[in-house]
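Chains, contacts and geometry: an overview
Each chain is listed here by its residues.
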Amino acid sequence: MIDIHTHVLAGVDDGPTNIKESIDILKELISQGVEEIIATPHIISGVYDNNRKIIDEKIEELNSEITTHNLPIKIHKGAELYYEPNIIEKTKKEKLSLAGSKYILIETDLHRFPNNFEKVLYQFQVEGFFPIIAHAERFIPFINNFNLLLDIVNRGILVQINSGSLFGDYGDNVQKLAHKILKTGCVHFIASDVHGIKKRPILLEEVYKFLSENFNENLAKLLMEENPKNLIQNEEIENMLENYYVEDESKQTFIERIRNFFRI
Ligand SMILES: [Fe+2]
């Protein structure tokens, strides 16, 4: 698997505070079957003022530990951008896209949708970027108005959801929306958004199993292997994913049971 949203660099955000914690996270990711990750430290002006130079140095430091510990994992450079008016200029200047591709990972206030957020997403597209909304299921405006998310996806914006959301790590409403996003095919990536092994379980292996058993294995592969791989190679990603959903009626009945179990 390839995990496109991780906080593994030490001392740059609310992720690990030292390199030992970083290594512990990497070992856990490896044990779940992850072979490559994108390190996506927060970029929030005045809170986490990370830039290209800091990220490069931290990745170099982590890579030398990976070599020392002989860990079978590859780290790509990235960032989790927080919406702010000058975010496009900053992204271009500091080269803050994911793995050097045209894909960017962006979040905003979980409680409200800034007026200019959609405009900035569109501007990113005009500039040739492919924006991915980080943990879309956690945004209260989407919880309150699913059409807002559908609208954005229809305009070519990509969606990432957190593995833990599908199992209720962020509460019932987030879990419910995560499953709705999944069943409607408005999702392109599932990632851990890991901050530390003691903070929240990573659950990527569990999600892969859940998708394989309740949807189909191709969907698990698509969201956790193929789309991330295409991203890293800067190739295009299919926007609407209806083809991956099960048509068979008996299977749908089973999925309905699962949905009822999760109250979605
Ligand atoms: Fe994150």
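Heads up: these notes are all about the structure in this document. From a predicted model like this one, the values you see are computed outputs, not experimental measurements. (Residues numbered from 1 in each chain as written. Predicted model: local features only at pLDDT ≥ 70, side-chain atom pairs only at ≥ 80, totals over all residues.)

The subject of this paragraph is the overall build of the chain. When helices and strands are tallied, the chain shows 10 helices and nine strands. A total of 264 residues make up the chain; the buried ones form 40% of that total. (Helix = DSSP H or I, 4+ residues; strand = E, 2+ residues; numbered from the N terminus. Buried ≥ 20, exposed ≤ 12 C-beta atoms within 10 Å, placed from the backbone.)

Here helix 1 (residues 19-31) crosses helix 2 (residues 52-69) at 60 degrees, and the two axes come no closer than 11 Å. Our classification of the angle between helix 1 and helix 2 gives oblique. The two elements helix 1 and helix 2 meet at a crossing, and its hand is right-handed. For the pair helix 1 and helix 2, contact is made by Ile 19, Ser 22, Ile 23 and Leu 26 and by Glu 61, Leu 62, Glu 65, Ile 66 and His 69, respectively. (Axes fitted to C-alpha atoms, helices over the stretch in contact; angles between N-to-C directions. Parallel < 35°, antiparallel > 145°, perpendicular 65-115°, else oblique. Left-handed = near helix turned anticlockwise from the far one by under 90°. Contact = placed C-beta atoms within 7 Å.)

What follows deals with the packing of helix 8 (residues 204-214) against helix 9 (residues 217-232). Interaxial distance between helix 8 and helix 9 falls to 6 Å at its minimum, and their mutual angle equals 145 degrees. Between helix 8 and helix 9 lies a crossing whose hand is right-handed. Along the contact surface, helix 8 presents Leu 204, Tyr 208, Leu 211 and Ser 212, while helix 9 presents Glu 217, Leu 219, Ala 220 and Met 224. Along the lines of polarity and charge, the residues of the contact of helix 8 with helix 9 split into six nonpolar, one polar and one charged. (Nonpolar A, V, L, I, M, F, W, Y, C, P; charged D, E, K, R; others polar.)

Over its 16 residues, helix 9 runs 21 Å from end to end, which matches the ideal 22 Å to within 8%, given 1.5 Å per residue. Of all the bends found along helix 9, the most pronounced is centred on Leu 223 and spans about 40 degrees. Among the residues making up helix 9, those that are buried are Leu 219, Ala 220, Leu 222, Leu 223, Met 224, Asn 227, Pro 228, Leu 231 and Ile 232. (Expected span 1.5 Å × (residues − 1). Bend = angle between axes of the 7 residues up to and from the residue.)

By themselves, these figures tell us nothing about what the structure is for.
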